Amino acid sequence: MFVEVVLPIPIDRPFTYRGTAEIGARVVVPFRKRTLTGYAVAVHDRAPAFPVRDVIEVRDRVADERVLALTRWVADHYLCSWGEAIAAAIPAAIRRHKTSGTIEMASPGAEIRPRTERQRILLDLLRAARAPLPVHDLLARAEASRDTLHRLVKAGAVRIARVPAPDVDALADAYVEAPKDITLTPEQRAAIETIGRAAGGERPTTVLLHGVTGSGKTEVYLQAIRRAVDAGRQAIVLVPEIALTPQTVARFRSRFPRVAVLHSVLTDADRAAQWRAARAGDVDVIVGARSAVFAPCRRLGIVIVDEEHETTYKQDNNPRYHARDVAIRRAELEGAAVVLGSATPSLESLHRARSGEYRLARLPYRIGRREMPAIRIIDMARERIETKRFPLISRALEADYKAAVARGEQVILFLNRRGYLTYIACRRCEWVFRCKRCDVGMTYHKDRDRCECHQCGSLQPLPPLCLECGMGPLNRLGLGTERIEEELKEKFPDFAVRRMDSDAMRTRRDYREALTGLWEGDTDVIVGTQMIAKGLDVPNVTVVGVVSADTAFHLPDFRAAERTFQLITQVAGRAGRGPKGGTVVVQTFNPTHYAITCAARYDFDGFAEREAAARRDLGYPPFTSLIRVIVSGTKEARVRETAQRLAEKLRPELPELLVQRLGPAPAPIFRIKGRYRMAMLLKASDAEPARTALRKVMPGFSTPPGVSVAVDVDPVSMV
Ligand code: ADP
Ligand code: ZN
Ligand code: ZN
């Protein structure tokens, strides 16, 4: 017998070995001078015409037919190898075959009347779960002690068994959402109907759920999932990593006892355990970031992609897949429904909904017809002239948050840039303090008293004088969250100010504490980056300030306007979620830009129309598909030469009328981590001919030592 094995290397073809294995099993094989672990994709008895080597070892089966079909599509679409795609679909701990220990699981025993309130809660939870729960998880959720549990075990009300490998989320969070009495709004009912129809047909279709912030999208997800689970099927909920907060998770937990959470902060062993639980059918709902799209459910009924426009759904290393698009493909293969939810759908999804490829459901109002908070635009150029200063915070914003804090309400100030100084340059000569390995300026972080490169993370002390001429004093400019925090603390020493950015939030505990402070009203003002733009639902937040709406405009990206619009809308959505209402102040140097004026009016359609017209003119998505090729390496001349040579090789293979080639040209950030980068962009209304050309040229294309080529299909970052 012979096995066809695909390997996690960038060669997209199977290799033949003598031996046998189940399809989808991991197999250890010799490859050139190495030993690699690959995946069996076919077994047959036709001896090949060339000599073959033996399989060294056959291990467990990690991929079923569905995973194989889906990963084959990923390889075809994103131009990676099948082996690389399978490896991306399986957690590292499973790939490396680590086994975890045993765990205690509790299940209901005899019907017995609880003696205490705690006992009652514990038994209710266990019965509601309709399946065994891990003991530590159960105790955390019931806030009960081991003694309480042991008394119930003695009385026969609960049974405990030790089983191999933990099954359900090991990171049980203390947050439990209080059950609410919910009567769906007519719009929510209509949306659920639309999803039901889309899911019910012979070939389920995708639904785009376009709902303003606070319109009850999550409630729609929950009820759509309820239907699927009641029908005996499983659900995958994809959320952007930064929205994977205890608050989000708690909402799913409180409705569905058997929830697995795939966090990036999980240990490998935990991840593996969750994965096994999903595969064994022990969970109904899997909530996770990007890679959860590959969760091994066997009865998938529905996939939810929350905040579908988010760029974090795109993986930025090989395989460069987009979880939303993989979700749609997976649902197609498995007959499941897909719901893409957003307050600011991507132009790609909107275009598909308008063209009839997706169904569209809209939630145009907030729950309770609560008003959207008014958004005021502050022209910072004018503010400078009028105040004769360079204020970080305008008079209008300051007045608003002072008043809010005085009333006992809370404030969020948003700035998508961390650090203290973001521009350090000599006053005498041309010198700018830049990273040694990247073409970007260093950012000074006051809390660590270090300058950091935000591309590669390298650290440098803040130089006292210019490092070039040795004489010039330094200009210290630019603003980041740390400076806003400091200014607030100096001006208003009585305010409880807290910063939430990736510097201040290093652990889940920091995060939880910050959220608790916000929830319980101990924090008056939160200063934060995009970390706080999503998902926070705190009714007492009445004022939101966008300190600079212009950060995305500086990016060399055709999606800059879209990002700006999305960010303002998302951040504004944190205000006025309670009965007190709210206001939003947006500070900008581009007060007439349509991304800003439309966002301030909540005019999504107006924005989408302007933006679509611009994209159509320039030939950008959704009207074309893009493939970006990046050639990089440490020697500039070699990189330039290789990029040129690749372009020459591709030229005869690219049908001129169908595919437009731009570049190779230096990427906007030419050097990152010491590697020079040349970019080439292929644009086409149908990317297939470009893929064909790359498939033909890439395997035989040799690169000099230290130079590599990355192919990014449907890129989201143009840096
Ligand atoms: P979105 O996901 O669109 O931001 P949510 O689903 O979080 O909106 O809903 C906002 C708030 O309104 C939540 O606190 C939610 O529990 C509540 N909610 C949602 N639907 C209803 C409803 N039909 N009746 C009452 N409250 C609701
Ligand atoms: Zn100088
Ligand atoms: Zn750097």
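(A) How the structure looks around the overall build of the protein chain. Along the backbone of the protein chain there are 21 helices and 31 strands. Here the C-alpha atoms of the protein chain give a radius of gyration of 27 Å, agreeing with the 27 Å that 2.2 N^0.38 yields for 719 residues. Based on the C-alpha atoms only, the size of the protein chain along its principal axes is roughly 80 × 80 × 50 Å. Expressed as a percentage of the 719 residues in the protein chain, the buried residues total 55%. The contacts of the protein chain with a sequence gap of at least 6 include a subset with a gap of at least 24, amounting to 75%. Within the structure as shown, the protein chain displays about 31,700 Å² of accessible surface, and the carbon and sulfur contribution to it stands at 51%. Charge separation in the protein chain, taken as the distance between the mean sites of 111 positive and 87 negative side-chain charges, equals 3 Å.

(B) Broad picture of the pairing of strand β3 (residues 25-31). Of all seven residues that make up β3, seven are buried, and the element is covered over most of its length. Burial of the side chains of β3 extends over both faces: Ala25, Val27, Val29 and Phe31 are buried on one face and Arg26, Val28 and Pro30 on the other. One ladder, built from six bridges, connects β3 with strand β4 (residues 34-44); its direction is antiparallel. Paired with Val27 across the two strands is Gly38, which belongs to β4. With antiparallel pairing between neighbouring strands as the criterion, β3 and β4 make up a hairpin whose turn holds two residues, including Arg32 at a positive phi of roughly 50 degrees.

(C) Focus on the sheet that holds strand β17 (residues 374-379). Strand order in the open sheet formed by six strands is β17-β27-β26-β18-β25-β24, with parallel pairing between adjacent strands. Looking along the sheet, the strands with just one partner apiece sit at the ends: β17 and β24 (497-500). Recorded for the sheet is a direction-independent mean angle of 20 degrees between the axes of neighbouring strands. When strand β26 (residues 541-546) meets strand β27 (residues 583-588), the two strands line up parallel, connected through four bridges. Of the residues in β27, the one forming a bridge with Val543 is Thr583.

(D) Structural view of the environment of Ala693. Among the structural elements, Ala693 can be located in helix α21 (residues 688-697). In this structure Ala693 comes out as buried when scored by relative accessible area, which is 2%. Each C-alpha atom of the pair Ala693 and Ala361 lies 39 Å from the other, and the pair is 332 residues apart in sequence. Not counting the four nearest positions on each side in its chain, Ala693 is found in contact with Leu650, Glu653 and Leu654.

(E) Spatial organisation of the nonpolar core. In terms of nonpolar packing, the biggest core is built from 115 residues, with Val74, Leu238, Ile286, Val326 and Ile627 touching the most fellow members. With seven residues, the single largest contributor to this core is helix α1 (residues 65-78). With residues up to four places along the chain from it excluded, the contact list for Leu238 reads Gly288, Ala289, Arg290, Ala292, Val293, Ile304, Val305, Asp306, Tyr313, Ala323 and Ala327. By size, the runner-up hydrophobic cluster in this structure holds 30 residues, among which are Ala198, Leu209, Val220 and Val259.

(F) Seen up close, the side chain of Glu482. Checked against the element boundaries, Glu482 lands in helix α15 (residues 481-491). Engagement of the side chain of Glu482 in a polar contact is seen with the backbone nitrogen of Lys446, the distance being 2.8 Å. Excluding residues that lie within four positions of it along the chain, Glu482 makes contacts with Gly419, Tyr420, Tyr444, His445, Lys446, Asp447 and Arg499.

(G) Structural view of the environment of Ala710. Secondary-structure assignment places Ala710 in strand β31 (residues 707-713). C-alpha of Ala710 to C-alpha of Ala21: the two residues are 689 residues apart in sequence and 33 Å apart in space. Among residues more than four places away in sequence, those in contact with Ala710 are Arg320, Arg628, Val629 and Ile630.

(H) Main features of the coordination of the zinc ion (ligand 2). Around the zinc ion (ligand 2), the donor atoms from the protein are Cys426 (SG), Cys429 (SG), Cys466 (SG) and Cys469 (SG), and they sit 2.2 to 2.4 Å away. Around the zinc ion (ligand 2) sit four donor atoms, and with donor-metal-donor angles ranging over 102 to 119 degrees the site reads as tetrahedral. Taking the relative accessible area as the measure of exposure, Cys466 reaches 3% and is therefore buried.

(I) Structural detail: the coordination of the zinc ion (ligand 3). Only Cys435 (SG), Cys438 (SG), Cys453 (SG) and Cys456 (SG) from the protein coordinate the zinc ion (ligand 3), and they sit 2.3 Å from it. Classification of the site at the zinc ion (ligand 3) as tetrahedral follows from its four donor atoms and the range of 107 to 114 degrees in their angles at the metal. One chain supplies every donor to the zinc ion (ligand 3), and in sequence these donors are spaced C-x2-C-x14-C-x2-C. Within this pair, whereas Cys435 is found in the loop between β19 (423-426) and β20 (443-445), its partner Cys453 is found in the loop between β21 (450-452) and β22 (459-460), the two being separated by 18 residues in sequence.

(J) Looking closely at the sheet that holds β4. Reading across from one edge, β5-β2-β1-β4-β3-β6 is the order of the six strands in this open sheet, with mixed pairing throughout. Where the open sheet ends on each side, the last strands, each with one partner, are β5 (53-54) and β6 (57-61). One ladder, built from two bridges, connects strand β2 (residues 15-18) with β5; its direction is parallel. Of the residues in β5, the one forming a bridge with Tyr17 is Arg53. On the sheet, helix α2 (residues 82-89) packs against β1 (2-6) and β4 and is oriented at approximately 100 degrees with respect to β4.

(K) Just the packing of aromatic side chains, in detail. Applying the stated rule across the entire model yields 13 aromatic pairs. Between the aromatic rings of Tyr420 and Tyr444, the centroid separation amounts to 6.2 Å while the plane-to-plane angle is 80 degrees, which identifies the pairing as edge-to-face. Note that Tyr420 is positioned in the loop between β18 (410-414) and β19 and Tyr444 in strand β20, a separation of 24 residues in sequence. Tyr444 shares its class with Tyr420; the two are buried. Taken together, a centroid distance of 4.6 Å and an interplanar angle of 10 degrees make the contact between Phe492 and Phe495 stacked.

Calculation notes
- Residues numbered from 1 in each chain as written.
- Chains lettered and ligands numbered in written order.
- Predicted model: local features only at pLDDT ≥ 70, side-chain atom pairs only at ≥ 80, totals over all residues.
- Heavy atoms only, no water.
- Helix = DSSP H or I, 4+ residues; strand = E, 2+ residues; numbered from the N terminus.
- Rg over C-alpha atoms; globule rule 2.2 N^0.38 Å.
- Buried < 20%, exposed > 50% of the residue type's maximum accessible area, 1.4 Å probe, protein only.
- Contact = heavy atoms within 4.5 Å.
- Areas by Shrake-Rupley, 256 points an atom, 1.4 Å probe, with all protein chains shown as cover.
- Lys, Arg positive; Asp, Glu negative; His and termini not counted.
- Charge placed at Lys NZ, Arg CZ, Asp CG, Glu CD.
- Pairing = 2+ DSSP bridges.
- Axes fitted to C-alpha atoms, helices over the stretch in contact; angles between N-to-C directions.
- Core = buried A, V, L, I, M, F, W, Y, C linked by side-chain atoms within 4.5 Å.
- Polar contact = N/O pair within 3.5 Å; in protein donor to acceptor, adjacent residues only side chain to side chain.
- Donors = N, O, S within 2.8 Å, 3.2 Å for Na, K, Ca; no water.
- Tetrahedral: all angles 85-135°; square planar, octahedral: opposite > 155°, others 65-115°.
- Phe/Tyr/Trp six-rings, centres within 6.5 Å; stacked < 30°, edge-to-face > 60°.

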